[in-house]
Amino acid sequence: PVPVIIDTDPGVDDIVALLLALASPEIEILAIIVSFGNTDLESSFLNVLKAYQAVGDHLERYPDHAARFPNFFASIKTILARGRGQPLAGQIMDAQYFHGRDGLGDISERHPELGPANHTSGHPRVQTAQESGSDVCLSLMNSHLPLSITYIVLGPLTNFAVLVRKDRDLVASRVGRVVCMGGALDVPGNTSPVAEFNFFADPFAVKEILCPAGEPPFPLERFLLVPLDITTSHALPFPVYKERVDDAFAGVSVPSVSSMKSPLIHFTSSFLKRTRDVMLRFGKDAMELHDIVAVWCAISHLPSSEVLASGWVAERRIFDIERTGELTRGMLVVDRREGESADTLGTNRAEVKPIPTRVEVESLEQALSVG
Ligand code: BDR
Ligand code: CA
């Protein structure tokens with residue numbers, strides 16, 4: 001399995017992406033580093049513990065499902081650490097309007113057993129670190145082979161920028177690949193008319209990593225960007241999710257079906273219920289799989305620049321980012337000119353790879369359909 005570090009701000013889709021990661025034998029999760037983003041740092045941290053608890057409770061009830069979560073029982077425990085609680089510069093912005101105050105659809109308020117009080121003491125399957133996320137990453141990198149680690153970013157690029165500031169040579173020598181969900185190239189934004197949330201949350205970090213004035217601190221040919229252009233079109237229809245959950249309990253005759261529900265399904269359904277309500281207000285009865293698509297790219301080992309056998313290609317794009325625009329914070333200014341003029345904005349580029357819809361939906365269902 002490929003050793004990965006998951007940098008995340010859970011967040012509804014982050015948690016589903018984490019479930020997919022826990023269910024994927026192709027990877028080994030060395031560490032989960034949380035950041036501010038969809039909600040505050042501490043809630044992000046607790047949400048990871050809540051996911052572990054839900055998987056653990058599920059496996060206690062259904063021990064024969066253990067093989068479905070190979071990364072939950074990894075022999076070396078995943079480390080959970082806190083990254084930075086604010087952007088490199090500028091105001092903190094969150095996405096609680098979408099993800100809820102606790103980052104998970106306010107489940108803490110509706111289901112006290114899923115609230116913070118039950119998770120402050122950690123979880124036996126993760127090792128919670130007192131050191132900063134960047135220190136944890138650096139020591140993991142020191143003990144790994146060159147280019148062996150895949151670093152997956154599901155939130156703002158802040159933690160990765162901090163890491164690179166601390167030791168860019170070590171990061172460049174050990175991280176073979178960064179897969180990062182963020183940005184909107186040729187589609188409208190989801191946080192403002194022009195900006196995607198993760199890049200909006202810390203455009204300064206994006207500037208430093210992807211669009212610096214000089215040489216990029218991390219080799220961009222090893223950086224795979226998974227922007228809204230790709231992720232928005234990958235959606236899990238809520239009726240499909242519901243059907244799978246209902247199927248899992250078909251024929252179960254007990255006084256209350258909900259009391260028989262797997263703790264994991266209770267957890268996911270509790271936050272997805274509110275996500276569905278919010279999405280319906282936007283006129284869509286489906287969950288957009290932003291972070292799930294990024295994890296899927298990482299576990300599928302998509303090469304970063306070659307043409308794939310199936311015909312999908314990674315494109316190189318040249319862009320810069322707005323950091324402080326009056327209306328345009330986090331907007332990617334894409335240079336669509338051809339030839340030499342394209343260099344006038346610098347050498348900034350990202351690799352973008354269209355990928356098929358069906359696969360993610362199936363993987364997600366597999367991750368969720370464990371009742
Ligand atoms: C990204 O923003 C967050 O709200 C999601 O978790 C995802 O990482 C999508 O724009
Ligand atoms: Ca996220």
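Keep in mind that what you see is a predicted model, and the values were worked out from it rather than measured.

**Q** Which parts of the structure should I look at to understand the overall build of the protein chain?
**A** Scanning the protein chain from N- to C-terminus turns up 14 helices and 13 strands. The proportion of buried residues among the 371 residues of the protein chain is 49%.

**Q** Looking at this structure, how should I read the site of ligand 1?
**A** Lining the immediate environment of ligand 1, one finds 14 residues, of which Gly11, Asp13, Ala95, Phe197 and His290 sit closest. Per-class residue counts for the shell around ligand 1 are four nonpolar, six polar and four charged.

**Q** Is there a simple way to explain the pairing of strand 1 (residues 2-8) in this structure?
**A** Consecutive side chains of a regular strand alternate in pointing toward one face of the sheet and then the other. When you tally the buried positions in strand 1, you get six out of seven residues, the bulk of the element. As judged from the seven bridges shared by strand 1 and strand 2 (residues 27-34), these two strands associate in the parallel manner. Paired with isoleucine 6 across the two strands is isoleucine 32, which belongs to strand 2. Running through helix 1 (residues 12-22), the crossover from strand 1 to the neighbouring parallel element strand 2 is right-handed.

**Q** I keep staring at the confidence of the model for the protein chain and nothing clicks. Help me out?
**A** Reading fine detail from the predicted coordinates is not recommended where pLDDT is low. Per-residue confidence for the protein chain gives a mean pLDDT of 85, with 84% of residues at or over 70. Contacts of residues 304-312 to residues separated by more than four positions or lying in other chains number 15 contacts, the stretch itself having pLDDT below 50. This stretch, residues 341-371, has a pLDDT under 50; its non-local contacts, to residues over four places away or in other chains, come to 88 contacts. The ipTM assigned to the predicted complex is 0.99, against a pTM of 0.89.

**Q** It is not clear to me how helix 1 should be interpreted in this structure. Could you clarify?
**A** Count 3.6 residues to each turn of an α-helix, and residues three or four apart come out pointing the same way. Within helix 1, 11 of the 11 residues are buried, which leaves it mostly tucked inside the rest of the structure. Taken together, the buried positions of helix 1 are Val12, Asp13, Asp14, Ile15, Val16, Ala17, Leu18, Leu19, Leu20, Ala21 and Leu22.

**Q** How do you make sense of unusual backbone geometry when you look at a structure like this?
**A** A negative phi angle is the norm for most residues apart from glycine, just as the trans form is the norm for most peptide bonds. In this chain, proline 10 is followed by glycine 11 through a cis amide linkage whose omega measures -10°. Here glycine 11 is to be found in the loop between strand 1 and helix 1. Notably, aspartate 106 is not glycine yet its phi reads approximately 60°, a positive angle. Structurally, the position occupied by aspartate 106 is in the loop between helix 3 (96-99) and helix 4 (107-110). Positive phi outside glycine occurs at leucine 147, with the angle close to 60°. Position of leucine 147 relative to the elements: it lies in the loop between helix 5 (133-142) and strand 5 (149-153).

**Q** Would you take a moment to explain the nonpolar core for this structure?
**A** One recurring pattern in soluble globular proteins is that nonpolar side chains are buried together. One finds Ile5, Ile152, Cys180, Val226, Ala294 and Val295 to be the most contacted residues of the largest nonpolar core, which totals 99 residues. Non-local contacts of cysteine 180, meaning those with residues more than four positions away in its chain, are made with Val153, Leu157, Phe223, Leu225, Val226 and Ala294.

**Q** Just checking my understanding: could you explain the packing of helix 2 (residues 41-61) against helix 12 (residues 263-281) for this structure?
**A** Two quantities define a packed helix pair, namely the angle between the axes and the distance from one axis to the other. Contact geometry for helix 2 and helix 12: axes closest at 7 Å, N-to-C directions at 145°. Residue-level contacts link Lys50, Ala54, Val55, Asp57, His58 and Arg61 of helix 2 to Pro263, Leu264 and Phe267 of helix 12. Taken together, the residues of the contact of helix 2 with helix 12 sort by class into five nonpolar, one polar and three charged.

**Q** I keep staring at the environment of aspartate 320 and nothing clicks. Help me out?
**A** Summarising the element assignment, aspartate 320 is placed in strand 11 (residues 319-321). Residue classification places aspartate 320 among the partly exposed residues on the basis of 19 C-beta atoms within 10 Å. A sequence separation of 165 residues divides aspartate 320 from glycine 155, and the C-alpha atoms of the two residues are 19 Å apart.

**Q** Honestly, the packing of helix 5 against helix 6 (residues 158-174) in this entry has me stumped. Any pointers?
**A** Where helix 5 contacts helix 6, the two axes come as close as 9 Å, and the packing angle between them is 5°. Comparing their axes, helix 6 and helix 5 come out roughly parallel. Note on element contacts: helix 6 touches helix 5 through Asn159, Val162, Leu163, Lys166, Asp167, Leu170, Val171 and Arg174, opposite Gly133, Ser134, Cys137, Leu138, Met141 and Asn142. Residues that form the contact of helix 5 with helix 6 fall into these classes: seven nonpolar, four polar and three charged.

**Q** What exactly am I supposed to notice about the environment of leucine 104 here?
**A** You can see leucine 104 is positioned in the loop between helix 3 and helix 4. Taking the C-beta count within 10 Å as the criterion, leucine 104 has 31 such neighbours and is therefore assigned buried. Note: C-alpha distance between leucine 104 and proline 10 (94 residues apart in sequence) is 7.4 Å. Excluding its chain neighbours within four sequence positions, the residues that come into contact with leucine 104 are Val12, Ile15, Asn47, His99 and Phe271.

**Q** Would you mind showing me how to read helix 8 (residues 203-210) here?
**A** Counting buried residues along helix 8, seven of its eight residues qualify, which places the element largely inside the surrounding structure. All of the buried residues in helix 8 are Pro203, Ala205, Val206, Lys207, Glu208, Ile209 and Leu210.

**Q** Would you mind going over the environment of glycine 90 with me for this structure?
**A** With respect to the helices, strands and loops of the structure, glycine 90 is situated in the loop between strand 3 (78-82) and helix 3. Judged by local crowding, glycine 90 falls into the partly exposed class, with 15 C-beta atoms found within 10 Å. Each C-alpha atom of the pair glycine 90 and glutamine 130 lies 27 Å from the other, and the pair is 40 residues apart in sequence.

Rules behind the numbers
- Residues numbered from 1 in each chain as written.
- Chains lettered and ligands numbered in written order.
- Predicted model: local features only at pLDDT ≥ 70, side-chain atom pairs only at ≥ 80, totals over all residues.
- Helix = DSSP H or I, 4+ residues; strand = E, 2+ residues; numbered from the N terminus.
- Buried ≥ 20, exposed ≤ 12 C-beta atoms within 10 Å, placed from the backbone.
- Near = placed C-beta within 6 Å.
- Nonpolar A, V, L, I, M, F, W, Y, C, P; charged D, E, K, R; others polar.
- Pairing = 2+ DSSP bridges.
- Right-handed = clockwise from strand over helix to strand, strands pointing away.
- pLDDT = per-residue confidence, 0-100.
- Contact = placed C-beta atoms within 7 Å.
- Core = buried A, V, L, I, M, F, W, Y, C linked by C-beta atoms within 7 Å.
- Axes fitted to C-alpha atoms, helices over the stretch in contact; angles between N-to-C directions.
- Parallel < 35°, antiparallel > 145°, perpendicular 65-115°, else oblique.

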